Amino acid sequence: MSPPQDQPQTSPHASPRRAALPQRATIAATHDADHFHQGPVEDYKSGFQALKAIDLEIDKGEIFALLGPNGAGKTTLISIICGIVTPSAGTVTVDGHDIIDDYRATRAMIGLVPQELTADMFESVWATVSHSRGLFGKWPDPARIEKVLKDLALWDKKDSKLITLSGGMKRRVLIAKALSHEPQILFLDEPTAGVDVELRNEMWGLVKHLRDSGVTIILTTHYIQEAEDMADRIGVINNGELILVEDKRALMHKLGKKQLTLELHEAIETIPSSLEQHQLVLAKDGSELVYTYDSQGQRTGITHLLTDLADAGIRFRDINTSQSSLEEIFVDLVRRDQ
Amino acid sequence: MNLPAILAIYKFEMARWGRTLLQSLVSPVIATSLYFVVFGAAIGSRINEIDGVPYGAFIVPGLIMLNLLTQSVANASFGIYFPRFTGTIYEQLSAPLSPFEIVAGYVGAAATKSIILGALILATATLFVELRIDHPVWMVFFLVLTAITFSLLGFVIGLWAEGFEQLQLVPLLIITPLTFLGGTFYSLSVLPPVWQTISLLNPVVYLVSAFRWSFFSTADVSVEISLAMIALFLVLCLGAVWWVFKTGYRLKS
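Thresholds applied
Residues numbered from 1 in each chain as written. Chains lettered and ligands numbered in written order. Predicted model: local features only at pLDDT ≥ 70, side-chain atom pairs only at ≥ 80, totals over all residues. Heavy atoms only, no water. Helix = DSSP H or I, 4+ residues; strand = E, 2+ residues; numbered from the N terminus. Buried < 20%, exposed > 50% of the residue type's maximum accessible area, 1.4 Å probe, protein only. Contact = heavy atoms within 4.5 Å. Areas by Shrake-Rupley, 256 points an atom, 1.4 Å probe, with all protein chains shown as cover. Patch = residues over 30% accessible without salt bridge, like charges linked within 9 Å, V, L, I, M, F, W, Y side chains within 5 Å. Salt bridge = Lys/Arg side-chain N within 4 Å of Asp/Glu carboxyl O. Phe/Tyr/Trp six-rings, centres within 6.5 Å; stacked < 30°, edge-to-face > 60°. Lys NZ or Arg CZ within 6 Å of the ring centre and 35° of its normal. Axes fitted to C-alpha atoms, helices over the stretch in contact; angles between N-to-C directions. Parallel < 35°, antiparallel > 145°, perpendicular 65-115°, else oblique. Nonpolar A, V, L, I, M, F, W, Y, C, P; charged D, E, K, R; others polar. Core = buried A, V, L, I, M, F, W, Y, C linked by side-chain atoms within 4.5 Å. Pairing = 2+ DSSP bridges. Polar contact = N/O pair within 3.5 Å; in protein donor to acceptor, adjacent residues only side chain to side chain. UniProt positions renumbered as here; feature names shortened; annotations may be inferred. Arc of directions from axis to C-beta.

## Description of the overall build of chain B
A tally of regular secondary structure across chain B gives 10 helices and 0 strands. Secondary structure elements in chain B, listed N-terminal to C-terminal, are α-α-α-α-α-α-α-α-α-α. Here chain B holds 253 residues, and the buried ones make up 55% of them. Within chain B, counting contacts between residues at least 6 apart in sequence, those at least 24 apart form 80% of the total. Summing over all exposed atoms, chain B offers an accessible surface of approximately 10700 Å²; the carbon and sulfur share of this is 72%.

Dropping the structure here:
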C-alpha cells in the first residue's frame, strides 16, 4: 500500500481548472476483501484482493475518467471513496478530510451515481429525489429539486412511480438523486450504460455544465470514445492496479501512434529491400503500404520514405494519415499489463 | 447530528406505511377484533374472571402486546431489508449518516407504526369489553419501550436476513409462539408449577405481565423484575445493532 501523502497545494494562480483548492480529493487506498460476503453490496471470495496499491490525486473541477476492463476494480475504488466498501488498508482523503475519521465532511461533498439501476420502485420521482437530499443532511428545498428535475428533463415525470419509467429515465433519476444535495464531487459509475444516443448527449452536456460550475467529475465508462471526448485526465486500472494516470492530450500524444497509408497504383507482392529500414507493412493484398511513425519525433522520416519509394519505382495514387484512438491506446496498455 | 437525514428516513418509512395501510393497520385490527369476538364475547363469557378481571378484558393487554411485537419486528425488518434487497442501501451507506441516525430513522418509524397500531387496537377493544387502565403513564411507557425494543430486534433481523423467507422466519417461528405461550390468553398461575418455571424463560412473559399490570394492577411476575428484563432485552438489541455497524456485518464488504 502507498503511505498517506501530504499533497502539495496548488497555487490559486495556476490554471483555472487546477486552481482554487483546497477542494482536492487525494486517494491512496487498498482494499483487501478477506472475508466472504454475499449480499447486495459486494461479493468477493475469501482472500481476493480487489484493489492493490492505488495512489491517485484528483483535482478540483476536472473530469477524470477511470478506464479498465470488467472486474478491474473501478467500482470497488469508487465504493471505498464513497463509504460503501471498507478498505482493509490505506487512506483516502477528500478535500483534506479522511473518509473514515471525518466521513460526514467527505460524504456530504460527494454525489454517487451507481452502475446498477437501483431505485425505490414504488416511490415517485419527486419523493425519491427529495429523500436523497435529506439523507445527505440538507433540509427540503423544493426549488432545488425542481431545478434538478428540469435540468434532467424529468419534470413531467415528477409524480410517476419509478417502476413505470424506462431504463434511461431511471438512470436520469439516479443522477438527479446524486445532484439533489449539491455535491462538489460527482462519481458517475458507467452513467451511459443502456442509455440511448440522445440522452447520452444530453447527459454529457449536463456533465460539462457541472464541470464548468466547479464540480469535480470522476467517471467510469466502457465507451472509451466518451472518455476521449469528455475527460481532462485518464486513469487506467487493471487487475486492481492503477497502471497509468495521465493528462488525456499528453497520453494520446505520448502513446498514440500515427500511421501513413499509401494506396499503390499497382499491388506489390514483397516490399523492396531498399525500403527495409522504414519497417513498412503491406496491407490489402499488397495494394497498400502502411508506415508507422512517432508524431512527436523531430524527424518523422516521411520525406526520406517518399524519396526511397520514388527511387524504388513505387507509385501511389492516394495518401492518408491516421492517429490511434484512446481505445487503441487503452487496449494496448491493458494487454501489455497482462 | 444529521437531523434532516433522520427525518428523511422517518418520513420515507411512514409514507411507505401509508401506502399499505390495508395490510399494516386494517388487517391486524380486524384480526384482533375477531379475537375479541371469539375469546371475549363467545368463549370468554363461559370463563371465570382471572384475578378479578373479566376474561374479555384480561386478554386485551396480551393481544395488544402480540400485535406490538409482531408488527414492530415486521415493520423494522422489512424497512431495512428492502433497500438491501433492491440495492438502494448504497445511498444510506454513502450518506453522511452515523449508525445512530440510521437506526433512529428506521427504528423510530417502525416503533411509531406499532404504537399507532397498539393505540388503535386498544380503542377497538373498548368497543367490545369494559376496560380500566390503573396506571396509564406506565401503560404508555411499556407500550413505547416494547415497541422500540422489538423494532430494534426487527432491524437486526432485517440486516441478518438473506431472503424474504428468513425475514419471516423469526416472527413466525419465534415471536408468535413465544407470545401465545407468554400469557397472552391466560395467567401463568393456571399452569402446573413446572410449566410456570419454564415459562419464566420466555421473555414475552415479562412484557405481557408488566403491560397487564399497568391495566389491572395484577401481574404474573413482579413489575420490577419485568422492567429489568425489558431493559436487559433493550440493551441486548442495542448491542446487536452496535456490533452490526461496527463490523459492517451484511452491510459492507
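Once you've had a look at it, read on.
## Concerning a nonpolar patch on the surface
All names here are of chain B. A surface patch of nonpolar side chains, about 510 Å² in accessible area, is lined by Val37, Val38, Ile43, Ile47, Leu127 and Phe128. Secondary-structure elements contributing two or more residues to the nonpolar patch are α2 (21-42) and α5 (99-128). Looking at the element boundaries, Ile47 is found in the loop between α2 and α3 (55-86).

## Side note on the packing of aromatic side chains
Summed over the entire model, instances satisfying the criterion amount to 17 aromatic pairs over all chains. The interplanar angle of 20° and the centroid separation of 6.4 Å between the aromatic rings of Tyr55 of chain B and Phe58 of chain B together place this pair among those described as stacked. Residue Tyr55 of chain B and its partner Phe58 of chain B are both found in helix α3; the two are separated by 3 residues, about one turn of the helix. Three or more aromatic residues joined by ring pairs form one cluster here, namely Phe122 of chain A together with Phe78, Tyr81, Phe82, Phe85 and Phe164 of chain B. Its guanidinium or amino end placed over the ring of Trp155 of chain A, Lys150 of chain A lies 5.0 Å from that ring's centre, counting from NZ or CZ.

## Considering the pattern of salt bridges
Inspection of the entire model under this criterion finds 18 salt bridges over all chains. Its salt-bridge partner being Glu13 of chain B, residue Arg16 of chain B comes within 2.6 Å of it at the nearest N-O pair. Residue Arg16 of chain B and its partner Glu13 of chain B are located together in helix α1 (residues 3-19), separated by 3 residues, close to a single helical turn. Across the pair, Glu13 of chain B and Arg16 of chain B agree in class, each one buried. Between Glu13 of chain B and Lys113 of chain B there is a salt bridge; the shortest N-O distance is 3.7 Å. Of this pair, Glu13 of chain B sits in helix α1 while Lys113 of chain B sits in helix α5; the two residues are 100 residues apart in sequence, bridging distant segments of the chain. By relative accessible area, which is 2% here, Lys113 of chain B ends up buried. Among the ionic contacts, a cluster of salt bridges with common partners joins Asp120 and Lys177 of chain A together with Glu91 of chain B.

## Re the packing of α1 of chain B against α2 of chain B
Residues and elements named next belong to chain B. In contact at an axis separation of 5 Å, α1 and α2 are set at 70° when each is read in the N-to-C sense. In terms of orientation, α1 and α2 fall into the roughly perpendicular class. Within the contact between the two elements, α1 uses Trp17, Gly18 and Arg19 and α2 uses Leu21, Ser24 and Leu25. Class assignment of the residues belonging to the contact of α1 with α2 gives a composition of 3 nonpolar, 2 polar and 1 charged.

## As for the nonpolar core
Proteins that are soluble and globular tend to have nonpolar side chains buried together. Grouped together as the largest cluster of nonpolar side chains are 140 residues, with contacts concentrated most on Leu186, Phe187 and Ile217 of chain A together with Phe155 of chain B. By residue number, the principal contributor to this core is α3 of chain B, which donates 13 residues. Not counting the four nearest positions on each side in its chain, Leu186 of chain A is found in contact with Gly111, Val113, Ala178, Leu179, Leu210, Val215, Thr216, Ile217 and Ile218 of chain A. Counting residues in hydrophobic clusters, the runner-up holds 12 residues, among them Leu260, Leu275, Leu280 and Leu309 of chain A.

## Remarks on the pairing of strand β4 (residues 89-94) of chain A
Residues and elements named next belong to chain A. Relative to strand β5 (residues 97-98), β4 runs antiparallel, the two being bridged by 2 bridges. Considered in β5, the bridge of Val94 is made with His97. Turn length for the β4-β5 hairpin, with the two strands adjacent in sequence and antiparallel, is 2 residues, and the turn residue Asp95 shows positive phi of about 55°.

## Some details on the interface of chain B and chain A
Accessible area lost on assembly of the parts is the figure often given for the size of an interface. In this complex, chain B contributes 30 residues to the contact, which on the side of chain A involves 35 residues. In this assembly, chain B and chain A are joined by 3 salt bridges. When the shortest N-O distance is used, the salt bridge between Arg104 of chain A and Glu101 of chain B registers 2.7 Å. Where chain B touches chain A, the interface holds 10 residue pairs in polar contact (both at pLDDT 80 or more). Elements with a contribution of two residues or more to the side of chain B that touches chain A: α1, α3 and α4 (89-94) of chain B. For the side of chain B that touches chain A, the class distribution of residues is 15 nonpolar, 8 polar and 7 charged.

## Focus on the side chain of Thr32 of chain B
Residue and element names in this part refer to chain B. The residue Thr32 is located in helix α2 in this model. For Thr32, the side chain forms a polar contact with the main-chain oxygen of Pro28, separated by 2.6 Å. Those residues in contact with Thr32 that lie beyond four places of it in its chain are Leu63, Asn67 and Ile121.

## Considering the UniProt feature "transmembrane region" (unreviewed entry) in chain B
All names here are of chain B. UniProt feature "transmembrane region" (unreviewed entry): in the numbering of this structure it lies at residues 20-43, 55-82, 102-128, 140-161, 167-188, 200-219 and 225-245. The annotated region residues 55-82 carries 100% helix and 0% strand content, and the separation between its end C-alpha atoms amounts to 40 Å. When the span residues 167-188 is considered, its composition is 64% helix and 0% strand, and the gap between its end C-alpha atoms is 30 Å.

## Here we look at helix α4 (residues 142-151) of chain A
Residue and element names in this part refer to chain A. The complete set of buried residues in α4 reads Ile145, Val148 and Leu149. One face of α4 carries all of its buried residues, which in axial projection span an arc of 95°. Tucked into the core, α4 has its buried residues touching α3 (125-135) and α5 (167-179). The positive-phi residue at the C-terminal boundary of α4 is Ala153, with phi of around 55°.

## Here we look at unusual backbone geometry
All names here are of chain A. With a phi close to 55°, Ala153 is a non-glycine residue in the positive phi region. With respect to the helices, strands and loops of the structure, Ala153 is situated in the loop between α4 and α5. A positive phi angle is found at Asp285, which is not glycine, with a value near 55°. Here Asp285 shows up in the loop between β12 (281-283) and β13 (288-293). Residue classification places Asp285 among the exposed residues on the basis of a relative accessible area of 77%.

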